[in-house]
Amino acid sequence: DVKVTQSSRYLVKRTGEKVFLECVQDMDHENMFWYRQDPGLGLRLIYFSYDVKMKEKGDIPEGYSVSREKKERFSLILESASTSQTSMYLCASSPFRLTSEAFFGQGTRLTVV
Amino acid sequence: GDSVTQMEGPVTLSEEAFLTINCTYTATGYPSLFWYVQYPGEGLQLLLKATKADDKGSNKGFEATYRKETTSFHLEKGSVQVSDSAVYFCALSDTRTTDSWGKLQFGAGTQVVVTP
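Heads up: these notes are all about the structure in this document. (Residues numbered from 1 in each chain as written. Chains lettered and ligands numbered in written order. Predicted model: local features only at pLDDT ≥ 70, side-chain atom pairs only at ≥ 80, totals over all residues. Heavy atoms only, no water.)

1. As for the overall build of chain B
Here comes step 1: Of the regular secondary structure elements, chain B holds zero helices and twelve strands.
Here comes step 2: Compactness check: chain B gives a C-alpha radius of gyration of 14 Å against a globular reference of 13 Å for 116 residues, within 12% of the reference.
Here comes step 3: Along the first, second and third principal axes, the C-alpha atoms of chain B reach 45 × 30 × 20 Å.
Here comes step 4: Of all 116 residues assigned to chain B, the portion counted as buried reaches 47%.
Here comes step 5: A fraction of 57% describes how many contacts in chain B between residues 6 or more apart in sequence connect residues 24 or more apart. (Helix = DSSP H or I, 4+ residues; strand = E, 2+ residues; numbered from the N terminus. Rg over C-alpha atoms; globule rule 2.2 N^0.38 Å. Buried < 20%, exposed > 50% of the residue type's maximum accessible area, 1.4 Å probe, protein only. Contact = heavy atoms within 4.5 Å.)

2. Considering the pairing of strand 3 (residues 19-25) of chain A
Residues and elements named next belong to chain A.
Here comes step 1: Only one face of strand 3 is covered, namely the one carrying Val19, Leu21, Cys23 and Gln25; the face carrying Phe20, Glu22 and Val24 has none of its residues buried.
Here comes step 2: Summarising the sheet, strand 1 (residues 4-6) and strand 3 pair through three bridges and their orientation is antiparallel. Looking at strand 3, one finds that Thr5 is bridged to Val24.
Here comes step 3: For strand 3 and strand 8 (residues 73-78), the ladder comprises six bridges, and the chain directions are antiparallel. Looking at strand 8, one finds that Val24 is bridged to Arg73. (Pairing = 2+ DSSP bridges.)

3. What to know about the sheet that holds strand 3 of chain A
Neighbouring strands of a sheet are bound in pairs by backbone hydrogen bonds; such pairs are parallel or else antiparallel.
Residues and elements named next belong to chain A.
Here comes step 1: Read from one edge of the open sheet, four strands run 1-3-8-7, paired in antiparallel fashion. Of all the strands in the sheet, the pair left with one neighbour each is strand 1 and strand 7 (64-70). When strand polarity is set aside, the average angle formed by the axes of neighbouring strands in this sheet is 20°. (Axes fitted to C-alpha atoms, helices over the stretch in contact; angles between N-to-C directions.)

4. Some details on the nonpolar core
Nonpolar side chains tend toward joint burial in soluble globular proteins.
Here comes step 1: Among the nonpolar cores identified, the biggest contains 26 residues, and Trp35, Phe73, Leu75 and Tyr88 of chain B are the most heavily contacted of them.
Here comes step 2: Going through the elements one at a time, strand 2 (11-14), strand 3 (19-21), strand 4 (23-26), strand 5 (32-38), strand 6 (44-50), strand 8 (62-65), strand 10 (86-93) and strand 12 (110-115) of chain B are the ones with two or more residues in this core.
Here comes step 3: With four residues, strand 10 of chain B is the single largest residue contributor to this core.
Here comes step 4: In terms of nonpolar packing, the next biggest core, distinct from the first, is built from 20 residues, Ile46, Tyr64, Val66 and Leu78 of chain A among them. (Core = buried A, V, L, I, M, F, W, Y, C linked by side-chain atoms within 4.5 Å.)

5. Observations regarding the interface of chain A and chain B
Here comes step 1: Taken together, the 24 residues of chain A in the interface contact 23 residues of chain B.
Here comes step 2: Of the roughly 1,900 Å² buried between chain A and chain B, counting both surfaces, carbon and sulfur atoms make up 61%.
Here comes step 3: Across the chain A-chain B interface, the total number found is zero salt bridges.
Here comes step 4: Remark: the boundary between chain A and chain B carries four residue pairs in polar contact (both at pLDDT 80 or more).
Here comes step 5: Among the residues forming the side of chain A that touches chain B, the class breakdown is eleven nonpolar, nine polar and four charged. (Buried area = accessible area lost by both parts, 1.4 Å probe. Salt bridge = Lys/Arg side-chain N within 4 Å of Asp/Glu carboxyl O. Polar contact = N/O pair within 3.5 Å; in protein donor to acceptor, adjacent residues only side chain to side chain. Nonpolar A, V, L, I, M, F, W, Y, C, P; charged D, E, K, R; others polar.)

6. Re the pattern of salt bridges
Residues and elements named next belong to chain A.
Here comes step 1: Under the criterion given, the structure shown has nine salt bridges over all chains.
Here comes step 2: In this structure, Lys18 and Glu79 form a salt bridge, with 3.6 Å as the shortest nitrogen-oxygen distance. Taken as a pair, Lys18 in the loop between strand 2 (10-13) and strand 3 and Glu79 in the loop between strand 8 and strand 9 (87-94) lie far apart in primary sequence, 61 residues in all.
Here comes step 3: A residue is classified by how much of its surface remains accessible, and Lys18, at 46% relative accessible area, is partly exposed.
Here comes step 4: Since its relative accessible area comes to 41%, Glu79 is described here as partly exposed.
Here comes step 5: Asp28 is paired through a salt bridge with Lys71; the nearest N and O atoms lie 3.1 Å apart. Of this pair, Asp28 sits in the loop between strand 3 and strand 4 (31-38) while Lys71 sits in the loop between strand 7 and strand 8, placing them 43 residues apart in sequence.
Here comes step 6: Looking at Lys71, the relative accessible area reads 25%, which means it is partly exposed.

No statement about biological role is implied by the geometric values presented.
This is the structure in structure tokens:
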């Protein structure tokens, strides 16, 4: 089975802190994604990567950055956390081909106080 | 840009009732369509998909048909169980260009509550 693992289920951070959310996948997938999930808004794409060291902005990249130094690992970075970034964060991966499904991690619920 | 609209919830049903969740989309081109399900406390998992017009996706008693003429992909199940209580997301993936591959556009999600 494909496994996408996020390093934390729950995080509480203070305003202004630098926050790292880690994601690892074990299926050698080329594509990796970070989504943010908020009630009534569904999932919104923050950043994605289709290869090592490659990254592309999604729909809501402001306040975030990413890092992909190895194929299996994709990190989301909140440079200076704000209360507006309190949310559920979901990592996903998919093979690099048309119509492929994405496989999701269990999510990290981040609270910024 | 591409978008997905699905009916708002929550949808509350009794066990063995018929479930329909409406989903319509706007896309330029020929997207693939998906239904994902999120059980409480978990990430999303693929429920079913359809890659071209008139395709029917099915899984676990759920079905959805890709209707290009009405730009719809409604989810149905004939007899729901308490274990079907979850949030259901309709999504599309643009297949036009290489840099679109794999990116999913999601609807807002519909919470379904099934009572015994």
